[in-house]
Amino acid sequence: MTRRPPLLEVQDLSVRYPAARRFPWWKSRSNAAVDHVSFDIAPGETLGLVGESGSGKSTVGRAILGLQRISAGTIRCDDVHITDAGRKVPRSYRRRVQAVFQDPYGSLNPTMIVADLVGEPLALHTDLPRSTRTERVVELLEMVGLRSRHLSRHPYQFSGGQQQRIAIARALALEPALIILDEPVSSLDVSIQSQVINVLEQVQAKTGVSYLFIAHDLAVVRHISARIAVMYRGRIVEEGEADRVCEKPEHPYSQLLLSSILNVDLRDQAQRRAYRHELAASFRRQEPTVDQ
Ligand SMILES: Nc1ncnc2c1ncn2[C@@H]1O[C@H](COP(=O)(O)OP(=O)(O)OP(=O)(O)O)[C@@H](O)[C@H]1O
Ligand SMILES: [Mg+2]
């Protein structure tokens, strides 16, 4: 299948965090949280980004959102380039690239009602009259499987899955081209996870929005992604078509990630831990930390 020209292009992206300095006369060091990462996403496509905790997934997401200083590399979405550190991201870019995070309750202002939570981006970025905004909010709620009777309720009156639907509706309000989904179902019960993933798929079919779907679990990512990129210690170690990466992972780390979705007994888990340590040690031997 030929892919459409990319909507988002990430090239050679590196993000470094300053390392803690024990004494002022020590040389300042920095650690690469993201190290020469490149990938792209076509319009209407979902790229899954998987990797264990601390591998740099959220840092990539934050960099694309313009919330994170970039040490090197470029990010392009539409015709907007984000390059050097500290540059302000244009307002138009903020409209085009939205986010949904892991904890829906934490990301929804508890004092606001649904009508205002979902309508706020419209109030801030457009000059639509209130009545038109409300119509649009109802449309957005229906798109994520909620009803107009929910308009005057507060976030605490909803289940976790419903709260995440509200967060998705809010992210959709300004018709973004791309949504960064950072562990959007990780805090939900397994039975609810698939419902929310279905909502995301329906929304994509209807609007043509692209997703960067971040998760640590390959099984969750496989379901929704056309392609998957596997991150390990700040780098993408493998990228390919979702079924291929899940069925025939080439990199030993992807194989390990895949094995963690299988039900194994404790002894196997102990073996897995040992293997993981061995793998980490071999990476450390290959890649000494770099001074800046
Ligand atoms: N503000 C920060 N200052 C210093 N180091 C940071 C900061 N944020 C993240 N890091 C480090 O950068 C690395 C990547 O973190 P990141 O949050 O991107 O990983 P992640 O893959 O999203 O992990 P998780 O699955 O736990 O969400 C980690 O080693 C982390 O400790
Ligand atoms: Mg994260």
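For clarity, every value in this text was computed on a predicted model and none was experimentally measured.

Cut-offs used in this document
- Chains are numbered independently. Their residues run from 1 in the order of the written sequence.
- In the order they appear in the text, chains get letters beginning with A and ligands get numbers beginning with 1.
- Residue-level local features of this predicted model are given only where pLDDT is at least 70; pairs of side-chain atoms are given and counted only at 80 or more, and the full residue set underlies all totals for whole chains, interfaces and linings.
- Heavy atoms throughout the structure, all of them, feed into the side-chain values; hydrogens and water do not.
- Where helices and strands are cited, they refer to DSSP runs of H or I of at least four residues and of E of at least two residues respectively, numbered from the N terminus.
- Summary of the burial criterion: residues with accessible area below 20% of their type's maximum are buried, those above 50% are exposed, and those between are partly exposed, where the area comes from a 1.4 Å probe applied to protein chains only.
- Pairs of residues are marked as contacts when any of their non-hydrogen atoms sit within 4.5 Å.
- Calculation of accessible area relied on Shrake-Rupley with a 1.4 Å probe; when residues are assessed, cover is drawn exclusively from the protein chains displayed.
- Only buried residues count toward a nonpolar core, which is a set of Ala, Val, Leu, Ile, Met, Phe, Trp, Tyr and Cys residues joined through side-chain atoms within 4.5 Å.
- A pair of aromatic rings is counted whenever rings of Phe, Tyr or Trp (Trp by its six-membered ring) have centres within 6.5 Å, and the orientation is called stacked for planes under 30 degrees apart, edge-to-face for over 60 and tilted otherwise.
- A pair of strands is treated as paired once DSSP finds two or more bridges between them.
- Angles run from 0 to 180 degrees between N-to-C directions of axes, and those axes are lines fitted to C-alpha atoms, restricted for helices to the stretch in contact.
- Note on terminology: near, applied to a residue and a molecule or strand, indicates that one of the residue's heavy atoms is within 4 Å of it.
- Under the rule applied, a polar contact is a pair of N or O atoms within 3.5 Å (in protein, one hydrogen donor and one hydrogen acceptor; residues adjacent in sequence only if both atoms are side-chain atoms).
- Throughout, the ten residues Ala, Val, Leu, Ile, Met, Phe, Trp, Tyr, Cys and Pro are labelled nonpolar, Asp, Glu, Lys and Arg are labelled charged, and all others, Gly among them, are labelled polar.
- As defined here, a cavity is a set of points on a 1 Å grid over the protein atoms alone where a 1.4 Å probe fits but cannot get out. A pocket is an open set with protein on both sides within 12 Å along at least five of seven lines, and residues line them when an atom is within 4 Å of a point.
- Grid points are joined across faces, edges and corners, and a volume is the space filled by probe spheres set on the points.

*Asks:* Please give an account of the overall build of the chain that cites residues and values.
*Replies:* Regarding its fold elements, the chain presents 11 helices and 10 strands. For the chain, buried positions account for 45% of its 292 residues. In the chain, of all internal contacts separated by at least 6 residues, the share reaching a separation of at least 24 is 67%. Accessible surface computed for the chain: about 15300 Å², of which carbon and sulfur atoms make up 49%.

*Asks:* Can you explain the nonpolar core? Please cite residues and give values.
*Replies:* Among the nonpolar cores identified, the biggest contains 52 residues, and F213 and I228 are the most heavily contacted of them. Core analysis: the second largest hydrophobic core is formed by 30 residues, L7, V15, V37 and A229 among them.

*Asks:* I'd like a rundown of the packing of aromatic side chains, residues and numbers included.
*Replies:* Applying the stated rule across the entire model yields one aromatic pair. Taking the centre distance of 4.3 Å and the plane angle of 45° together, the rings of Y232 and Y253 count as tilted. In this pair, Y232 sits in strand 9 (residues 227-232) while Y253 sits in helix 10 (residues 252-259), placing the two residues 21 residues apart along the sequence. With a relative accessible area of 3%, Y232 lands in the buried category. Judged by its relative accessible area of 1%, Y253 is buried.

*Asks:* Before we move on, can you summarise unusual backbone geometry with the specific residues and values?
*Replies:* Backbone geometry places H36, a non-glycine residue, at a positive phi of 55°. Judged by its relative accessible area of 48%, H36 is partly exposed. The phi torsion at R233 lies on the positive side, around 50°, for a residue other than glycine. If you trace the backbone, R233 turns up in the loop between strand 9 and strand 10 (235-241).

*Asks:* An account of the sheet that holds strand 8 (residues 210-215) is requested, with residue identities and associated values reported.
*Replies:* A sheet is described by the order of its strands in space; here six strands give the open sequence 6-7-8-3-9-10, paired in mixed fashion. The sheet is open, and its two borders are formed by strand 6 (97-100) and strand 10, each paired with just one other strand. The mean angle between the axes of side-by-side strands here comes to 20°, regardless of whether they run parallel or antiparallel. Here strand 9 pairs with strand 10 via six bridges, running antiparallel. By the bridge assignment for strand 10, A229 is matched with E239. Its contacts with the sheet place helix 6 (residues 160-172) against strand 6 and strand 7 (178-182), and it is angled at close to 175° to strand 6. Here helix 7 (residues 190-207) sits on the sheet and contacts strand 3 (46-50), strand 7 and strand 8; the angle it forms with strand 8, its principal contact strand, is near 160°.

*Asks:* Give a description of the site of ligand 1 that names residues and reports values.
*Replies:* As a matter of local geometry, ligand 1 sits amid Y17, A33, E52, S53, G54, S55, G56, K57, S58, T59, R62 and E183. At a separation of 3.2 Å, an oxygen atom of ligand 1 approaches a polar backbone atom of S55. For ligand 1, an oxygen atom lies 2.5 Å from a polar atom in the side chain of T59. Burial of ligand 1 by the surrounding chains reaches 56%, relative to a free accessible area of 640 Å². It is helix 1 (residues 57-64) that provides the largest number of residues to the shell around ligand 1, a total of four residues. Partitioning the shell around ligand 1 into residue classes produces two nonpolar, six polar and four charged.

*Asks:* Any chance you could break down the layout of surface pockets for me, citing the residues and the numbers?
*Replies:* The rolling of a water-molecule-sized probe over the atoms marks out the regions of remaining empty space. Computed from the structure, the largest pocket encloses a volume of approximately 510 Å³. What lines the largest pocket is a set of 20 residues, among which R94, Q98, A99, P121 and R170 lie closest to the centre. Those elements that place two or more of their residues in the lining of the largest pocket are helix 2 (91-96), strand 6, helix 4 (114-125) and helix 6. When its residues are assigned to classes, the lining of the largest pocket shows 12 nonpolar, three polar and five charged.

*Asks:* If you had to explain the pairing of strand 1 (residues 8-18) to someone new, which residues and values would you point to?
*Replies:* Residues in a regular strand point their side chains to alternate faces of the sheet. Bridge count for strand 1 against strand 2 (residues 30-41) is eight bridges, and the pairing is antiparallel. Bridge pairing in strand 2 links R16 to A32. Of the pairings in the sheet, the one linking strand 1 to strand 4 (residues 72-77) comprises five bridges and is antiparallel in character. Across the sheet, residue Q11 finds its bridge partner in strand 4, namely T74.

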